[in-house]
Amino acid sequence: LGRSVGIFPLIPCKTCSPCRKKLYEMCRNYDYTGSRRDGAFAEYVSVPVWNLIPLPEEASFEAAAMLEPMAVAVHAMRRAAPAAADTTVVCGLGTIGLLLVMFLLDAGIKNLLVIGNKEFQKQAVLKLGLPKDAYCDSRTEDVSRWLSARTDGMGADVFFECVGKNETCIQAVQNTAPAGTVLLTGNPFSDMELPKDVYWKILRNQLKVTGTWNSSYIHDPADDWNYVLDRLSAKKITPEDLITHRLPLERLTEGLHIMRDKTEDYIKIMAVL
Ligand SMILES: [Zn+2]
């Protein structure tokens, strides 16, 4: 009692087949704080004790408010598990893409190449420690040519697709090296169609095309949430760097409008008390 906690928002049924394997993120009959039931915008929220995660003293409330997207990024990273020497690409710099860059840099990925299309995204990844020449602006560069020039024409060992558009999914396959991994992270904007030559590339190059969903929280030091807490405790990550707006609670609606209407550049909009 009296301790600050983070909240794993997914409330699993704990009886379905994935739940019995502790794959709660794939629960067939889950509840969810903040979508299927009221979340932190409500005055009071009741949360099962199982979903509470005591915070280390080193973690700020702002960092704690970003635990969920951080765990999602860590989950994606670990699904692909790039080795330090692997050429790794992150395409798409929304919140998850940016957090993924943060964790990949923290994990010591040496050859990280990042594709974005907005100036503030570039500034954000540079702030996270990415070298300037590892950033590709897809508005001004031919992405495939840019990647080819930096991978001896082979493509990436691991390619994180964090956009969810048909063209970027195709680009991901086209720019992944033989025996490489395409990690599909972005939620889809539309139906996806693969041209025949792209499909051939998956077969002939024995690509691993993998999905990722949500994050793993199983009350185990090795799960995604504890991984994030560990990095926060060690002060190895600074997710606060990605907060672009801090708004008092009474201006929350304004923040929601910025996100819905995209009236301003933003990464993370934080309601502060
Ligand atoms: Zn379940």
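Our subject is the structure that appears above.
All values reported here derive from a predicted model rather than from experimental measurement. (Residues numbered from 1 in each chain as written. Predicted model: local features only at pLDDT ≥ 70, side-chain atom pairs only at ≥ 80, totals over all residues. Heavy atoms only, no water.)

Lay out the overall build of the protein chain with the relevant residues and their values.
Looking only at helices and strands, the protein chain features ten helices and twelve strands. For the protein chain, whose C-alpha radius of gyration is 19 Å, the value lies close to the compact-globule estimate of 19 Å for 273 residues. For the C-alpha atoms alone, the extent of the protein chain along its principal axes is close to 55 × 45 × 35 Å. The buried share of the protein chain, taken over its 273 residues, is 47%. For the protein chain, restricting intrachain contacts to residue pairs at least 6 apart in sequence, the fraction spanning at least 24 positions comes to 65%. Of the roughly 14700 Å² of accessible surface on the protein chain, a fraction of 51% belongs to carbon and sulfur atoms. Side-chain charges in the protein chain split into 31 positive and 33 negative, and the spacing between the mean points of these groups amounts to 4 Å. (Helix = DSSP H or I, 4+ residues; strand = E, 2+ residues; numbered from the N terminus. Rg over C-alpha atoms; globule rule 2.2 N^0.38 Å. Buried < 20%, exposed > 50% of the residue type's maximum accessible area, 1.4 Å probe, protein only. Contact = heavy atoms within 4.5 Å. Areas by Shrake-Rupley, 256 points an atom, 1.4 Å probe, with all protein chains shown as cover. Lys, Arg positive; Asp, Glu negative; His and termini not counted. Charge placed at Lys NZ, Arg CZ, Asp CG, Glu CD.)

Tell me about the side chain of threonine 33, and name the residues and values.
Position of threonine 33 among the secondary structure elements: in the loop between strand E3 (31-32) and strand E4 (52-54). When sequence neighbours within four positions are dropped, the list of residues in contact with threonine 33 reads Pro9, Ile11, Asp38, Gly39 and Val45.

I'd like to hear about the coordination of the zinc ion, residue by residue, with values.
Distances from the zinc ion to its protein donors, Cys13 (SG), Cys16 (SG), Cys19 (SG) and Cys27 (SG), fall within 2.3 to 2.4 Å. Seen from the zinc ion, its four donor atoms lie at angles of 102 to 121°, and the figure they make is tetrahedral. Each donor residue of the zinc ion lies on one chain, and together they are spaced C-x2-C-x2-C-x7-C. Linking cysteine 16 in the loop between strand E2 (10-11) and helix H1 (17-20) with cysteine 27 in the loop between H1 and E3, this pair joins segments that are eleven residues apart in sequence. With relative accessibility at 5%, the residue cysteine 27 sits in the buried group. (Donors = N, O, S within 2.8 Å, 3.2 Å for Na, K, Ca; no water. Tetrahedral: all angles 85-135°; square planar, octahedral: opposite > 155°, others 65-115°.)

Got a sec to walk through the pattern of salt bridges? Specific residues and values, please.
Under the criterion given, the structure shown has nine salt bridges. For arginine 231, the salt bridge goes to aspartate 230, with nearest N and O atoms at 3.4 Å. The shortest N-O distance in the salt bridge between arginine 260 and aspartate 261 comes to 2.9 Å. Judged by relative accessible area, arginine 260 falls into the exposed class, the value being 60%. Three or more residues joined by partner-sharing salt bridges are found here, namely Asp106, Asp230 and Arg231. (Salt bridge = Lys/Arg side-chain N within 4 Å of Asp/Glu carboxyl O.)

Provide a residue-level description of the pairing of strand E9 (residues 176-184), including the pertinent values.
Pairing of strand E8 (residues 156-161) with E9, which is carried by five bridges, proceeds in the parallel orientation. In the sheet register, valine 158 faces E9, and the bridge partner there is threonine 181. Since E8 and E9 lie parallel, the crossover through helix H7 (residues 166-174) that links them has a hand, and here it is right-handed. For E9 and strand E10 (residues 208-211), the ladder comprises four bridges, and the chain directions are parallel. Note on E10: the bridge partner recorded for leucine 184 is glycine 211. (Pairing = 2+ DSSP bridges. Right-handed = clockwise from strand over helix to strand, strands pointing away.)

Could you give an account of the pairing of strand E11 (residues 243-248), with specific residues and numbers?
Side-chain direction in a regular strand flips from residue to residue, so the side chains alternate between the two faces of the sheet. Pairing geometry for E11 and strand E12 (residues 268-272), over five bridges, is parallel. Residue pairing in the sheet places arginine 246 in a bridge with methionine 270 of E12.

Report on the packing of aromatic side chains, specifying residues and quantitative values.
Using the criterion set out here, one finds eight aromatic pairs in the structure. What links up through ring pairs into an aromatic cluster is the set Phe8, Tyr24, Trp50, Tyr217 and Trp225. In this structure, arginine 36 packs its charged tip against the face of tyrosine 30, placed 3.9 Å from the ring centre. A cation over an aromatic ring shows up here: lysine 165 above the ring of phenylalanine 189, its NZ or CZ 5.0 Å from the ring centre. (Phe/Tyr/Trp six-rings, centres within 6.5 Å; stacked < 30°, edge-to-face > 60°. Lys NZ or Arg CZ within 6 Å of the ring centre and 35° of its normal.)

Describe a nonpolar patch on the surface, and please don't skip the residues or the numbers.
Judged by side-chain polarity, Leu194, Tyr199, Trp200 and Leu203 come together as a nonpolar surface patch covering roughly 420 Å² of accessible area. Of note, leucine 194 is situated in the loop between E9 and helix H8 (196-204). Its relative accessible area of 40% is what places leucine 194 among the partly exposed residues. (Patch = residues over 30% accessible without salt bridge, like charges linked within 9 Å, V, L, I, M, F, W, Y side chains within 5 Å.)

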